[in-house]
Amino acid sequence: MTLEQQLIERLNTLQPTHLEVINESAGHGGYFPGKESHFKVAIVSPIFQGLRLVQRHQKVYAVATDLMNPGKIHALAIHAYTPDEWQGQVPDSPECAHAPKN
């Protein structure tokens, strides 16, 4: 199972009504085909109701802890919303300073 699939499996335990996991590894230095190191997550769940942003992130990290080890996920951008907050769009990620140049 890929890291992306493992991450999706773990995030589904948070009962999302919407979940997007985007592998952004290709936009970072040291990329090679098949590399999985940088991900962006947009997750919408009623579980986040009444939680501050840091508490939402803590919930996401709690289910992904074992994937955040050396040689696995290096960076995880988290966008966590309640169903009432979700606007249907994931914010763009900034460009990496070490991204491969075209």
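It should be emphasised that the depicted structure is a prediction, and the values quoted were computed from it without experimental measurement.

Engineer: Explain the overall build of the chain to me, using residue names and the numbers behind them.
Structural biologist: When helices and strands are tallied, the chain shows 2 helices and 3 strands. Walking the chain from its N terminus toward its C terminus, one meets helices and strands in the order α-β-β-α-β. The proportion of buried residues among the 102 residues of the chain is 35%. Sequence separation of at least 24 residues holds for 66% of the intrachain contacts in the chain that already meet a minimum separation of 6. Roughly 6,200 Å² of accessible area belongs to the chain as shown, and the carbon and sulfur atoms make up 52% of that amount.

Engineer: Which residues make up helix α2 (residues 53-64), and what values go with them?
Structural biologist: Here α2 contains 12 residues, and its C-alpha end-to-end distance of 17 Å stays within 8% of the 16 Å for a straight helix at 1.5 Å per residue. Every buried residue belonging to α2 is among Arg-56, Val-60, Val-63 and Ala-64, and all of these are buried. Taken around the axis of α2, the buried residues stretch over an arc of 100°, which confines them to a single face. Set apart from the buried face of α2 by more than 90 degrees, the exposed residues are Gln-58 and Ala-62. Where α2 is buried, its residues meet α1 (3-11), β2 (38-44) and β3 (75-81).

Calculation notes
- Residues numbered from 1 in each chain as written.
- Predicted model: local features only at pLDDT ≥ 70, side-chain atom pairs only at ≥ 80, totals over all residues.
- Heavy atoms only, no water.
- Helix = DSSP H or I, 4+ residues; strand = E, 2+ residues; numbered from the N terminus.
- Buried < 20%, exposed > 50% of the residue type's maximum accessible area, 1.4 Å probe, protein only.
- Contact = heavy atoms within 4.5 Å.
- Areas by Shrake-Rupley, 256 points an atom, 1.4 Å probe, with all protein chains shown as cover.
- Expected span 1.5 Å × (residues − 1).
- Arc of directions from axis to C-beta.

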